[in-house]
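Below, each chain spelled out in residue letters.
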Number of protein chains: 2
Amino acid sequence: MKPFHEYKNPSLAIDLVVFGYHDNTLSVLLLNRKEEPFKDCWTLPGGFLQMEETFLDTCYRILQTKLGMKEVFLEQLYSFDAVDRDPRGRVIAVGYYALINPAKFSVVAGSMANDVKWFNVRKMPVLGFDHKHIFKQALQRLRSKIQYDPVGFELLDELFTITELHELYECILQTTIDRRNFRRKILDAAYVINTGLKREGLKNRHPELYKFNKQLKKNSFQINVPNET
Amino acid sequence: MKPFHEYKNPSLAIDLVVFGYHDNTLSVLLLNRKEEPFKDCWTLPGGFLQMEETFLDTCYRILQTKLGMKEVFLEQLYSFDAVDRDPRGRVIAVGYYALINPAKFSVVAGSMANDVKWFNVRKMPVLGFDHKHIFKQALQRLRSKIQYDPVGFELLDELFTITELHELYECILQTTIDRRNFRRKILDAAYVINTGLKREGLKNRHPELYKFNKQLKKNSFQINVPNET
DNA sequence: TTTACTTCACGTTAAATTGACGCAAACAAT
DNA sequence: ATTGTTTGCGTCAATTTAACGTGAAGTAAA
């Protein structure tokens, strides 16, 4: 048997699916690559794991240097192993997804990219590598997760109305949910806390502002959709 | 920027949590290591990814050479990245779990192990590396998965009775489930198909034998447990 | 200040599902 | 035949869900 470090190892990359929600639209952040492979092609932001880094270290390094973000919700998605997924050689990718509030960050293209842009998840361009596959899996994960785990607030402002939360759910799950039943479920589960404040300056009745209940745990509610896949 | 393959890469290992069900007991297969590190310690079966292998290739190589198994249910669990998880150096582990019917395989210790043994999931020994952590996560995944995805049959014989399936659920979920309500749910969801045959040679009424309904998809049923965590 | 229009907050009701049991037929052993 | 146990089917009250009604709160226009 050879000594431990003489074996050849694949490279290990992290690829990020960064979700943002704004104007009733769920979007994903993509980079336009400056270099080969997939030069001038849209791809997920990513980077190689350094020897002393944990996955989250790498995630934050990418988020910070390429996008100027920190302190965001991150969750590991899946690891992708197709032998030919990177033309440069064997690269394993660990997918993570992030939920952010675009209002809190202004994204800037780093030195590695021509451009950084938000794309509506329903109007995605062709993606390089196997990133279409990673993206699809992330979207599916977000959809199933939001039904039983209160992560919706990660995409909203600190204070939000129940109608805003309701629209977020309809947007992500791509379905209609009865407004009144939704409200009752959310309130019964104590998903949110009424702040007593109201959103001012709207043309109609001023709705109450809520904040997320940090005590709330997974599986204390269940938003049903007719045909989950 | 250095050429692509001059960067140092972590090693990439696959670790397997192999579940088997027999005599109303859920067990996991462990190896007793012959070599350092963790010599004479129990660990999950695992191995390093070779450059041309996919994860599943590696899984089957481990299953076949160390345990003499093939064609089993396998699913990716999670990837583990703690910097100090392996004393030999930086090793990323991709966890997979397998569901097998122990009746179909006789496990044999390969050249790498002193011993291979099934351990009741409730009576686990101390494990080497971070394998306790991987095991716990696998058990949790199995528990939540079996509630909405029909994977139970992977652990049973081709033909089984509803009582056997019921006992499997109670064993895995560590709870009591009303026999009659369970039967109704399973049948209403068309989880199983009645073969018309009966299990003979029992001391009481001979129950009907069912087989798994391969048309059945995820989320067509839901077994509830009082306090999932 | 009325009127019109929209959203918000809170109810109501029937249908569906769940949870907790009852019971008789099937079988082996006595 | 009698006994003891498991199996398969059924009942029913309690809970949850889905579908929808309505009046108050607010803005804008008459």
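Residues numbered from 1 in each chain as written. Chains lettered and ligands numbered in written order. Predicted model: local features only at pLDDT ≥ 70, side-chain atom pairs only at ≥ 80, totals over all residues. Heavy atoms only, no water.

With that out of the way, let us pick up the overall build of chain A. Check the secondary structure of chain A and you find four helices and nine strands. Along chain A, helices and strands appear, N-terminal first, in the series β-β-β-β-α-β-β-β-α-α-α-β-β. Charged side chains of chain A number 33 positive and 28 negative; the gap between the two group centres comes to 4 Å. (Helix = DSSP H or I, 4+ residues; strand = E, 2+ residues; numbered from the N terminus. Lys, Arg positive; Asp, Glu negative; His and termini not counted. Charge placed at Lys NZ, Arg CZ, Asp CG, Glu CD.)

The next subject is the packing of aromatic side chains. Summed over the entire model, instances satisfying the criterion amount to 20 aromatic pairs over all chains. Note on F153 of chain A and F212 of chain A: the rings are 3.6 Å apart at their centroids and 5° apart in plane angle, and the pair reads as stacked. Taken together, the residues F153 of chain A in the loop between α2 (131–145) and α3 (162–173) and F212 of chain A in strand β9 (residues 208–212) connect sequence positions 59 residues apart. Taking the centre distance of 6.2 Å and the plane angle of 75° together, the rings of F55 of chain B and Y96 of chain B count as edge-to-face. Residue F55 of chain B is found in helix α1 (residues 55–67), and its partner Y96 of chain B is found in strand β6 (residues 91–100); the two are separated by 41 residues along the sequence. (Phe/Tyr/Trp six-rings, centres within 6.5 Å; stacked < 30°, edge-to-face > 60°.)

Time to look at a positive patch on the surface. On the surface, R179, R183, K198 and R205 of chain A cluster together to form a positively charged patch. Taking the relative accessible area as the measure of exposure, R205 of chain A reaches 79% and is therefore exposed. (Patch = residues over 30% accessible without salt bridge, like charges linked within 9 Å, V, L, I, M, F, W, Y side chains within 5 Å. Areas by Shrake-Rupley, 256 points an atom, 1.4 Å probe, with all protein chains shown as cover. Salt bridge = Lys/Arg side-chain N within 4 Å of Asp/Glu carboxyl O. Buried < 20%, exposed > 50% of the residue type's maximum accessible area, 1.4 Å probe, protein only.)

This next bit is on α2 of chain A. With 15 residues, α2 of chain A extends 21 Å between its outermost C-alpha atoms, agreeing within 8% with the 21 Å of an ideal straight helix rising 1.5 Å per residue. Contact partners of the buried residues in α2 of chain A: β1 (11–22), β2 (25–33), β3 (42–43), β5 (73–80), β6 (91–100) and α3 of chain A. (Expected span 1.5 Å × (residues − 1). Contact = heavy atoms within 4.5 Å.)

This next bit is on the relation of the copies chain B and chain A. Superposing chain B onto chain A takes a rotation of 179° combined with a translation of 0.0 Å along the rotation axis, leaving an RMSD of 0.1 Å. Here the transformation between the copies is reduced to the relation of a two-fold axis. A share of 100% of interface residues in chain B that are also interface residues in chain A marks the association as one of identical surfaces. (Least-squares fit on C-alpha atoms with pLDDT ≥ 70 in both.)

Residue and element names in this part refer to chain B. As for its placement among the helices and strands, N101 is situated in the loop between β6 and β7 (113–120). On the basis of relative accessibility, which here comes to 5%, the residue N101 falls in the buried class. One polar contact links the side chain of N101 to the main-chain carbonyl oxygen of L156, over a distance of 3.2 Å. Only 2.7 Å separates the side chain of N101 from the side chain of D157, close enough to count as a polar contact. Dropping the residues within four chain positions of it, N101 is found in contact with E154, L155, L156 and D157. (Polar contact = N/O pair within 3.5 Å; in protein donor to acceptor, adjacent residues only side chain to side chain.)

Now for the interface of chain B and chain A. Often the size quoted for an interface is simply the accessible area lost on bringing the parts together. Taken residue by residue, the interface counts 32 residues in chain B and 32 residues in chain A. Across the interface of chain B and chain A, roughly 2900 Å² is buried in total on both sides, 59% from carbon and sulfur atoms. Linking chain B to chain A there are zero salt bridges. Where chain B touches chain A, the interface holds eleven residue pairs in polar contact (both at pLDDT 80 or more). The set of elements that each furnish at least two residues to the side of chain B that touches chain A consists of β1 (11–22), α1, β5 (73–80) and β6 of chain B. Per-element accounting of the side of chain B that touches chain A gives the leading share, four residues, to β5 of chain B. (Buried area = accessible area lost by both parts, 1.4 Å probe.)

For the bond from E36 of chain A to P37 of chain A, the omega torsion is -5°, close enough to zero to count as cis. The residue P37 of chain A is located in the loop between β2 and β3 in this model. Positive phi, normally seen in glycine, also occurs at N219 of chain B, with a value near 65°. Residue position: N219 of chain B is located in the segment after β9 (208–212).

We now examine the protein's contact with DNA strand D. As a matter of local geometry, DNA strand D sits amid 20 residues, with R180 and K203 of chain A together with R180, R183 and R205 of chain B nearest to it. Sugar plus phosphate: this is where 51% of the atoms of DNA strand D within 4 Å of the protein reside. Interatomic distance of 3.4 Å between a side-chain N/O atom of D178 of chain A and a base nitrogen of DNA strand D. Interatomic distance of 2.6 Å between a side-chain N/O atom of R183 of chain B and a phosphate oxygen of DNA strand D. Among the secondary structure elements, those contributing two or more residues to the surface near DNA strand D are α4 (179–188) of chain A together with α4 (179–188) of chain B. Of the residues in the surface near DNA strand D, the class split is two nonpolar, six polar and twelve charged. (Near = heavy atom within 4 Å. Nonpolar A, V, L, I, M, F, W, Y, C, P; charged D, E, K, R; others polar.)

Of all residues adjacent to DNA strand C, which total 20 residues, the nearest are R180, R183 and R205 of chain A together with R180 and K203 of chain B. At the protein interface, 55% of the atoms of DNA strand C within 4 Å belong to sugar or phosphate. Within the side chain of R205 of chain A, a nitrogen or oxygen atom sits 2.6 Å from a base oxygen of DNA strand C. Backbone polar atom of E208 of chain A to a phosphate oxygen of DNA strand C: 2.7 Å apart, as the coordinates give it. Elements with a minimum of two residues in the surface near DNA strand C: α4 of chain A together with α4 of chain B. Of the residues belonging to the surface near DNA strand C, the class tally is two nonpolar, six polar and twelve charged.

Let's shift gears to the pattern of salt bridges. Across all of its chains, the model carries 18 salt bridges over all chains by this definition. Where R85 of chain A meets D130 of chain A, a salt bridge forms, and the shortest distance between an N and an O atom there is 2.8 Å. With R85 of chain A in the loop between β5 and β6 and D130 of chain A in the loop between β7 (113–120) and α2, this pair connects stretches of sequence that are 45 residues apart. Comparing R85 of chain A with D130 of chain A shows no difference in burial state: the two are buried. In this structure, R88 of chain B engages D86 of chain B in a salt bridge whose closest nitrogen and oxygen atoms are separated by 2.7 Å. We classify R88 of chain B as partly exposed; its relative accessible area is 30%.

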